[in-house]
Amino acid sequence: MRNTFSDTIVAPATNIAKQAICIIRISGEHAFKIVNQSLAKKIEAQPQTVLRNFFDGDVLLDQVLLLTFVAPNSFTGEDVIEINCHGGVLVAKKIMETIIRNGARIAERGEFSKRAFLNQKISLIQAQGINDLIEAKNDLALRISAKNMAGKTNAIVNILKNNVMDIISQVQTAIDYPEYEETENITPIEIGQQIKELNVKLLKALEISKRASVANNGLKTVIFGKPNVGKSSLLNALLNEDKAIVSDEMGTTRDIVEGEITLENFTLHLLDTAGIRKTENKLEQAGIDRSLSHSQSADLILYIIDHDEKYEDLIDVDKDKTIFIFNKLDLLSPDEVKQLQKTFQALRPIFISTVNNEIEDLVKAIETKFNMNKISQSDDLILTNVNEISKLEMAATKVAIAHENITAGFSIDLINVDLREAMDIFNDLLGLADINEEIIDNIFKKYCLGK
Ligand SMILES: Nc1nc2c(ncn2[C@@H]2O[C@H](COP(=O)(O)OP(=O)(O)OP(=O)(O)O)[C@@H](O)[C@H]2O)c(=O)[nH]1
Ligand SMILES: [Mg+2]
């Protein structure tokens, strides 16, 4: 079913700035009527690409290229006209003003996408995909959002939904025709098995989604270690700029210095922290406390070990999320390197020298640790939006409860309640559930004007 909106809306689809061309987009029932008011040679309501002179009354404003789309075959599902005009600020503004005077109203934030959604041209996952695509900071984010936008993710969610639906149908048959239970119907054990398989799939999707989401949004990366080991130097080397102050005085960095770098598949949000040591200085101690607390919430810790540090004196950090590093490789003899490698074998330390800008091994180690390449190319479900991930989590929980209950021998109709809730969540993700207007507005508000 197609929704009709009484207003025809207009917005620049590109920035209004001095540039080669500017695209102004109009969508709604009266799109053709409104544009024709400014054309001497009228256009028909049919798909076409034509060149026309565009007038404000008798005044010629510009020669424009018109791309027209007829409902329901357009992005919004309505009649849509794209005006490609010359990109002077004044020209584009005048054309906008004329179209508004002709009867269109300026679009609200995200209104084009909202209409596309309400006309079932795109799902929420696709809408989110469009936004993520525009905001993508790295290759991984770009690939995932393109997949979401193109509807591939929808297809995977659909399969999961059908999966639940199948199980529900089987349970329902067992409830409605209990006399067949042992013969034609599958047994609770078999149903339990199917639910378990579904749960495994959901948990995997959840795990990948969470990892991808972290990689997309930037891994919180804390550079950690004793004073003077070269933490600020590493920050500068990774950023390729002199952002943090470097000196041979211990305790140089007291406040957190931040920076962001984008590697091929993910973004690192770097924090250079105060060196960890015993100190009487209150200000320095405050910095040290901060370093410790940041390292606890970090996704990745780059722990630089001092050459003289003893293995047993290292601060206890979560080893799974830590890469151990020896800096100042240029000051170490090959024998010393061997000795350190042996002593710290369990931590598999990486050797770098920031003065010589030898940090490639570290960059490689980070990329390997968070290798998302395979993941993004697989057919697994990857959601990166927090909202969607929390829905997926809810669905997984419902399915897990259903599995627990059937294993514990609870009545089969009880299981259906949880499975149905899981199915509702999938419908919600697909944009098939009734979502209230307020929520929809809220979702599309974050879009830029006209998108
Ligand atoms: N030889 C050598 N010196 C280095 C290297 N990296 C850093 N340094 C020197 O080590 C000293 C300390 O460097 P910083 O980057 O300020 O160390 P930090 O860990 O941030 O120190 P605090 O902020 O005091 O905790 C400076 O004099 C740097 O020039 C390296 O790879 N080789
Ligand atoms: Mg420092």
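What you see is a predicted model; the values in this text were computed from it and never measured.

Q: How do you make sense of the pairing of strand 7 (residues 219-225) when you look at a structure like this?
A: Regular strands have side chains that alternate between both faces of the sheet. Buried residues dominate strand 7, accounting for seven of its seven residues. Residues Leu-219, Thr-221, Ile-223 and Gly-225 point to one face of strand 7 and Lys-220, Val-222 and Phe-224 to the other, with burial holding for every one of them. Both strand 7 and strand 9 (residues 267-272) contribute to a ladder of five bridges, which runs parallel. By the bridge assignment, Thr-221 is partnered in strand 9 with Leu-270. Here strand 7 pairs with strand 10 (residues 300-305) via five bridges, running parallel. Opposite Gly-225, over in strand 10, you have Ile-304 as the bridge partner.

Q: Would you mind showing me how to read helix 6 (residues 152-176) here?
A: Because each turn of an α-helix spans 3.6 residues, side chains separated by three or four positions in sequence point in the same direction. The terminal C-alpha atoms of helix 6, which comprises 25 residues, lie 36 Å apart, in line with the 36 Å expected from a rise of 1.5 Å per residue. Every buried residue of helix 6 is accounted for by Thr-153, Asn-154, Ile-156, Val-157, Leu-160, Lys-161, Val-164, Ile-167, Ile-168, Val-171 and Ala-174. In the core, the buried residues of helix 6 are packed alongside helix 4 (124-135), helix 5 (139-149), helix 7 (188-217) and helix 14 (412-430).

Q: When you look at the packing of aromatic side chains in this model, what are you seeing that I'm missing?
A: To describe a pair of aromatic rings, you give the distance between the ring centres and the angle between the ring planes. By the definition in use, this model includes five aromatic pairs. Their ring planes at 45° and their centres at 5.7 Å tell us that Tyr-311 and Phe-344 sit as a pair that is tilted. One end of the pair, Tyr-311, is in the loop between strand 10 and strand 11 (322-326); the other, Phe-344, is in the loop between helix 10 (334-343) and strand 12 (350-351), and 33 residues separate them in sequence. Tyr-311 gets classed as partly exposed once you look at its relative accessible area, which sits at 34%. Exposure remark for Phe-344: the relative accessible area of 1% places this residue in the buried category. Ring geometry for Phe-326 versus Phe-351: centroids 5.2 Å apart, planes at 20°, classification stacked. Highlighted residues: Phe-326 in strand 11 and Phe-351 in strand 12, separated in sequence by 25 residues. Pair check on accessibility: Phe-326 and Phe-351 agree, each one buried. Taken together through their ring pairs, the aromatic side chains of Tyr-311, Phe-326, Phe-344 and Phe-351 make up a single cluster.

Cut-off values and rules
Residues numbered from 1 in each chain as written. Chains lettered and ligands numbered in written order. Predicted model: local features only at pLDDT ≥ 70, side-chain atom pairs only at ≥ 80, totals over all residues. Heavy atoms only, no water. Buried < 20%, exposed > 50% of the residue type's maximum accessible area, 1.4 Å probe, protein only. Helix = DSSP H or I, 4+ residues; strand = E, 2+ residues; numbered from the N terminus. Pairing = 2+ DSSP bridges. Expected span 1.5 Å × (residues − 1). Contact = heavy atoms within 4.5 Å. Phe/Tyr/Trp six-rings, centres within 6.5 Å; stacked < 30°, edge-to-face > 60°.

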